[in-house]
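Overview (structure and organization)
These are the residues of each chain, in order.
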Amino acid sequence: MRLKDKITQISGMLAIAACCLTSCDYLDVVPPEQAQLIDATKTPEATKGFLYSCYANVNNPIQYRNVEASADEFATPQAWGELQHKIAYDLLIPISETPQDWNLCYKYIGQTLLFLEYLPKAQGITEQQRAEYEAEAYFLLAYYHFQVLRMYGPCPITDKRIDPETPSSQYNGRFHYDAVTNWIVKTLDEKVIKGYN
């Protein structure tokens, strides 16, 4: 009898615990508000933080083995097989062993274009700040295109935000080297310099 009583007692406690646990819905509550993209420009600090996020791919350019070393200021032995040799001999392509530079530049071009799309909705900033932020964003667009151009040569110009659902067949192809260079110079002249004047 003792064993039967213990089993009954334990199964009763398990049944009560199961009923109590299933009736607890406090974990199913969803917060009433989730952060939205529009919140990135609700305050001056948020807008500045959004702008700073566009700078995330600006790195220290002084390295002995990457793009800077592909010029003739100094040379390293070709036997080292460094990235600089591929850049110097125009052998670097977006699908080579270091595609992260191509991908990161276009990722932050997209981030910068998103910032420019939301900048007119920014709250609490002056018109002078708005013009300066816009000029900084256009500088970053030109800078990231320049980074891609000097590493990979002719590249697509992305001056409008592309919907992530866009099929790859509708993306811009590579532009001629001179066209990309002229676009960078024009962007700096018309959007950046005028934005600070």
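Starting from 1, residues in each chain are numbered consecutively following that chain's sequence as written. Per-residue local features of the predicted model are confined to residues with pLDDT of at least 70, and side-chain atom pairs are confined, for both listing and counting, to 80 or more; whole-chain, interface and lining totals are unaffected and use all residues. Water and hydrogen atoms play no part in the side-chain values, which are based on all heavy atoms of the structure.

1. Observations concerning helix α5 (residues 127–152)
- Over its 26 residues, α5 runs 37 Å from end to end, which matches the ideal 38 Å to within 8%, given 1.5 Å per residue.
- Note on conventions: DSSP H or I runs of at least 4 residues are helices, E runs of at least 2 residues are strands, and numbering of each starts at the N terminus. Positive backbone phi, approximately 80°, marks Gly153, located one or two places after α5. Given the number of residues in a helix, its expected span is that number minus one, multiplied by 1.5 Å.

2. Observations concerning the pattern of salt bridges
- Whenever a carboxyl oxygen of Asp or Glu lies within 4 Å of a side-chain nitrogen of Lys or Arg, that contact is scored as a salt bridge. Scanning all chains against the criterion turns up two salt bridges.
- We note a salt bridge from Glu117 to Arg161, for which the minimum N-O separation is 2.8 Å. With Glu117 in helix α4 (residues 100–118) and Arg161 in the loop between α5 and α6 (177–196), this residue pair connects regions lying 44 residues apart in the sequence.
- Using a 1.4 Å probe on the protein chains alone, a residue whose accessible area is under 20% of its type maximum counts as buried, one over 50% counts as exposed, and one in between counts as partly exposed. By relative accessible area, Glu117 is classed as partly exposed at 35%.
- Residues Arg130 and Glu127 are paired through a salt bridge, measuring 3.3 Å at the closest nitrogen-oxygen approach. Of this pair, Arg130 and Glu127 both sit in helix α5, three residues apart, roughly one helical turn.
- Taking the relative accessible area as the measure of exposure, Arg130 reaches 15% and is therefore buried.

3. Topic: the confidence of the model for the protein
- What pLDDT expresses is the predictor's confidence in each residue, scored from 0 to 100. Looking at the protein, pLDDT values average 80 and 75% of them are 70 or higher.
- When mean pLDDT is compared element by element in the protein, helix α2 (residues 44–53) scores highest at 93, while helix α1 (residues 2–22) scores lowest at 67.

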